[in-house]
Amino acid sequence: QVRLVESGGGLVQAGESLRLSCEVSGSIFPITTLGWHRQAPGKERELVAEINSDSITKYADSVKGRFTISRDNVKFKFYLQMDSLKLEDTAVYYCAQKGWSFYDHWGQGTQVTVSS
């Protein structure tokens, strides 16, 4: 059974950095596409960053140049480095693994709060 566990969320001030980690088990990790999503209060969940099995990455326009997604196929972990955090980055962040066509395995979520 695939299981994803996030860590690294917390409270930071605007302009600071934070790194989220996601450990994946029970998965054919090296050949999967992985993503970080977030959901702010009153808003829909959105895809923030994605990395495929060739380590090709995609980012939402709102985080381009500030966030970096990466993966470690030996440790079965992937990461989201978040720099220059803004108030609007406050959300619950979820890591997820993509199936054939959509994200079908999710972590429990970790809160990221950016204060002024």
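Cut-offs and rules
- Residues numbered from 1 in each chain as written.
- Predicted model: local features only at pLDDT ≥ 70, side-chain atom pairs only at ≥ 80, totals over all residues.
- Heavy atoms only, no water.
- Pairing = 2+ DSSP bridges.
- Helix = DSSP H or I, 4+ residues; strand = E, 2+ residues; numbered from the N terminus.
- Axes fitted to C-alpha atoms, helices over the stretch in contact; angles between N-to-C directions.
- Phe/Tyr/Trp six-rings, centres within 6.5 Å; stacked < 30°, edge-to-face > 60°.
- Buried < 20%, exposed > 50% of the residue type's maximum accessible area, 1.4 Å probe, protein only.
- Lys NZ or Arg CZ within 6 Å of the ring centre and 35° of its normal.

Now, about the sheet that holds strand 3 (residues 18-25): what can you tell me, with residues and values included?
Taken in spatial order, the 4 strands of this open sheet run 1-3-8-7, and their pairing is antiparallel. At either margin of the open sheet sits one strand with a lone partner, and together these are strand 1 (3-7) and strand 7 (67-72). Direction aside, neighbouring strands of the sheet carry axes that sit 15° apart on average. Bridge count for strand 7 against strand 8 (residues 77-82) is 6 bridges, and the pairing is antiparallel. Residue pairing in the sheet places S70 in a bridge with Y79 of strand 8.

Hey, could you go over the packing of aromatic side chains for me, with residue numbers and the actual values?
Remark: the centre distance and the inter-plane angle together describe each pair of aromatic rings, the angle taken between the planes. Across all of its chains, the model carries 4 aromatic pairs by this definition. Where F29 meets F76, the ring centres are 5.0 Å apart and the plane angle is 20°; that geometry is what we call stacked. Residue F29 is located in the loop between strand 3 and strand 4 (34-39), and its partner F76 is located in the loop between strand 7 and strand 8; the two are separated by 47 residues in the primary sequence. Here Y94 and W106 contribute two aromatic rings whose centre-to-centre distance is 6.4 Å and whose plane-to-plane angle is 80°, an arrangement assigned as edge-to-face. Remark: W106 occurs in strand 10 (residues 103-106) and Y94 occurs in strand 9 (residues 91-98); sequence separation between them is 12 residues. Residue classification places Y94 among the buried residues on the basis of a relative accessible area of 14%. A connected cluster of aromatic rings, assembled from ring pairs, spans Y94, Y103 and W106. A cation sits over an aromatic face here: R45 above Y94, 3.8 Å from the ring centre. A cation over an aromatic ring shows up here: R45 above the ring of W106, its NZ or CZ 4.6 Å from the ring centre.

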